[in-house]
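One-letter residues, chain by chain:
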Amino acid sequence: MRLVLGNATILLGEELEPTEGFLVLQDGLIKEVGEGKGPRGWIDLKRGIVSPTFTNAHVHLGDSIAQDYGAYKRIEERVGAGGLKGRILEEGKARVPAGMKESMRRMLRCGTGAFGDFREGGLEGVRLLRRVMDPRREGVVLGRPDGSGVEELLAECDGIGLRTPRAYPRGGIERIVAAVKGRKKLLAVHAAEVRDDVDEALGLRPDFLVHLTNAGRESLEKVARAGVPVVLCPRANAMLGVGLPEIPRLLERTLVALGTDNVMVNSPNMLREAEFAFKLARGMGRDPTLDGRLILAAATINGRKILGLRSNAIEEGNEASFIVFRRGRYLYDPILAVIHRYDVGDIRCIVRGDDVIGGSLHV
């Protein structure tokens, strides 16, 4: 199938450079990007904005059936070992698959094309997510050896997503890490969500860290020197009342992506996540010059780099994976339109390979 999409503002390449032009798609790939109207027979996007799809780089889909349950409890009481989350998921086990499917549908409606799930429940949990995953979206499944052998688990998932290192006995965690590294799969670690345990987390040689909400400046410097990417979940951290990550400092020297974290705690809406992160970064840094492209990259392109997925930058040769937004009136800056003006109702459709999802190009 060949499509020519014209009369659009395209956020082009990894630099997300706004370009007035056209896209030629052939068999699900971006065959050509150019300025101007483009070849004959083009579909008029009516000056809409074309952005890479969002990547939700850290989410827990399993607790989708417990949205805002225990919202006024402390984090340990809600999602810690033996907390409310574990109890309600056990009681509502039969409803968990439907909850996960609904959250994935919602992510897709909000423009998310890929996600990284920290899958609790051992091998059973990994198999459950694999069964209900939408084939139109890319999901990275990071298992957790909750009662399952790590080798058995790694045979069916993309890597391991660990709790804070202090939650494991030393010998046990070293065996897990050795198994992951031996299979050359992803190792991700929750770090400094409640207290600074960055030294222990870095000692595991992770592929990326999640949160860093309570990492001190010395710890952030160690993360930067180690070159370890970070996935931040500021809305969930704020909702849990555990603090806020140093977004401006991290953006300076670290590859940063965004995620929405537990669906129990926070909606899996990356439009909201990008807006919150952008305004938080400007406010914390007292810096009105902070470029919105840094945040949009964190919400779209960077997560795929961290999760080891193919790039969704809009450039020739890449698979089509982008959102077509309707053109709003009076907008001066297309980057800011995406990260703090638009909402789900402004999405005209999502294009993934040969699929047009959630709407039509002929509107």
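Okay, so let's go over this structure. Quick caveat, the model's predicted, so the values are computed rather than measured. (Residues numbered from 1 in each chain as written. Predicted model: local features only at pLDDT ≥ 70, side-chain atom pairs only at ≥ 80, totals over all residues. Heavy atoms only, no water.)

Attention shifts here to the overall build of the chain. Regarding its fold elements, the chain presents 14 helices and 16 strands. Relative to its length of 363 residues, the chain is compact, with a C-alpha radius of gyration of 20 Å against a globular reference of 21 Å. Seen through its C-alpha atoms, the chain measures out along the principal axes to roughly 65 × 45 × 40 Å. Counting contacts in the chain only where the partners sit at least 6 residues apart, residues at least 24 apart contribute 66% of the total. For the chain, the exposed surface amounts to about 15700 Å²; the carbon and sulfur share of it is 48%. (Helix = DSSP H or I, 4+ residues; strand = E, 2+ residues; numbered from the N terminus. Rg over C-alpha atoms; globule rule 2.2 N^0.38 Å. Contact = heavy atoms within 4.5 Å. Areas by Shrake-Rupley, 256 points an atom, 1.4 Å probe, with all protein chains shown as cover.)

What follows covers helix α4 (residues 122-132). Buried residues of α4: G122, L123, G125, V126, L128, L129 and V132, and no others. Against α3 (96-109), β6 (112-119), β7 (138-143) and α5 (150-154) lie the buried residues of α4. (Buried < 20%, exposed > 50% of the residue type's maximum accessible area, 1.4 Å probe, protein only.)

For the rest of this paragraph, the subject is the packing of helix α11 (residues 270-285) against helix α14 (residues 334-341). Two numbers describe a pair of packed helices, the interaxial angle and the distance between the axes. For the pair α11 and α14, interaxial distance at closest approach is 7 Å and the crossing angle is 105°. The angle between the axes of α11 and α14 places the two elements in the roughly perpendicular class. From α11, L271, A274, E275, F278 and K279 reach across to α14, where they touch L336, V338, I339 and H340. Looking at the contact of α11 with α14 residue by residue, the class counts come to 6 nonpolar, 1 polar and 2 charged. (Axes fitted to C-alpha atoms, helices over the stretch in contact; angles between N-to-C directions. Parallel < 35°, antiparallel > 145°, perpendicular 65-115°, else oblique. Nonpolar A, V, L, I, M, F, W, Y, C, P; charged D, E, K, R; others polar.)

So, about the environment of G34. Along the chain, G34 turns up in strand β3 (residues 29-35). Spatially, the C-alpha atoms of G34 and L12 are 9.9 Å apart, while their sequence positions differ by 22 residues. Once residues lying within four places of it in the same chain are set aside, the contact partners of G34 are E20, G21 and F22.

Here the focus is the pairing of β6. The element β6 is extensively covered by neighbouring structure, given that 8 of its 8 residues are classed as buried. The pairing of strand β5 (residues 54-60) with β6 spans 4 bridges and is classified as parallel. The partner of T55 across the bridge, within β6, is A114. Sheet topology note: the β6/β7 ladder contains 6 bridges and is parallel. Across the sheet, residue A114 finds its bridge partner in β7, namely E138. (Pairing = 2+ DSSP bridges.)

With that settled, the discussion passes to the layout of surface pockets. In this model, the largest pocket occupies a volume close to 1100 Å³. What lines the largest pocket is a set of 38 residues, among which V79, K85, E120, R144 and R163 lie closest to the centre. For the lining of the largest pocket, the secondary-structure elements that each account for two or more residues are α1 (75-79), α2 (84-91), α3, α4, β9 (186-191) and β13 (261-262). In terms of residues, the lining of the largest pocket owes the most to one element, α2, which gives 4 residues. Grouping the constituent residues of the lining of the largest pocket by class yields 12 nonpolar, 11 polar and 15 charged. Size it by volume and the second largest pocket reaches roughly 200 Å³. Forming the walls of the second largest pocket are P165, R166, Y168, R170, I173, E174, V177, E200, G203, L204 and R205. Per-element tally for the lining of the second largest pocket: the top contributor is helix α6 (residues 170-183), with 4 residues. (1 Å grid on protein atoms, 1.4 Å probe; cavity = no way out; pocket = protein on both sides within 12 Å on 5 of 7 lines; lining within 4 Å. Points joined across faces, edges and corners; volume = space filled by probe spheres on them.)

Attention now moves to a negative patch on the surface. Together, E15, E32, E315 and E316 give the surface a local cluster of negative charge. With respect to the helices, strands and loops of the structure, E315 is situated in the loop between α13 (301-307) and β14 (321-325). (Patch = residues over 30% accessible without salt bridge, like charges linked within 9 Å, V, L, I, M, F, W, Y side chains within 5 Å. Salt bridge = Lys/Arg side-chain N within 4 Å of Asp/Glu carboxyl O. Lys, Arg positive; Asp, Glu negative; His and termini not counted. Charge placed at Lys NZ, Arg CZ, Asp CG, Glu CD.)

A few words on the sheet that holds β9. Taken in spatial order, the 9 strands make up an open sheet running β12-β11-β10-β9-β8-β7-β6-β5-β13, and their pairing is parallel. Looking at strand neighbours, the two that pair on one side only are β12 (256-258) and β13, the edges of this open sheet. Relative to β12, strand β11 (residues 230-232) runs parallel, the two being bridged by 3 bridges. Among the inter-strand pairings, V230 is bridged to a residue of β12, identified as V256. The strands that α3 touches are β5 and β6; relative to β6, the one it contacts most, it runs at about 145°.

Moving on, we get to the side chain of T19. Note that T19 resides in strand β2 (residues 17-26). At a separation of 3.1 Å, a polar atom in the side chain of T19 contacts the main-chain carbonyl oxygen of E17. Excluding its chain neighbours within four sequence positions, the residues that come into contact with T19 are A8, T9, I10, L12 and E35. (Polar contact = N/O pair within 3.5 Å; in protein donor to acceptor, adjacent residues only side chain to side chain.)

Turning our attention to a nonpolar patch on the surface. Side chains of L244, F276 and M284 sit close together on the surface and give an oily, nonpolar patch of about 220 Å² of accessible area. Here M284 falls in the partly exposed class, since its relative accessible area comes to 34%.

Attention now moves to the pattern of salt bridges. Following the criterion strictly, the structure yields 26 salt bridges and no others. Among the ionic pairs, R105 bridges to E102, the shortest N-O distance being 3.1 Å. Separated by 3 residues within a single helix, R105 and E102 lie in helix α3, roughly one turn from each other. Classification of R105 as partly exposed rests on a relative accessible area of 41%. One salt bridge connects E138 with R304, and the closest N-O pair in it is separated by 2.9 Å. Taken together, the positions of E138 in strand β7 and R304 in helix α13 put the pair 166 residues apart, joining distant regions of the chain. Both residues of the pair, E138 and R304, belong to the buried class. One network of salt bridges, with partners in common, ties together D63, K85, D117, R119, E120 and R144.

Function-wise, these values are silent; they only describe arrangement.
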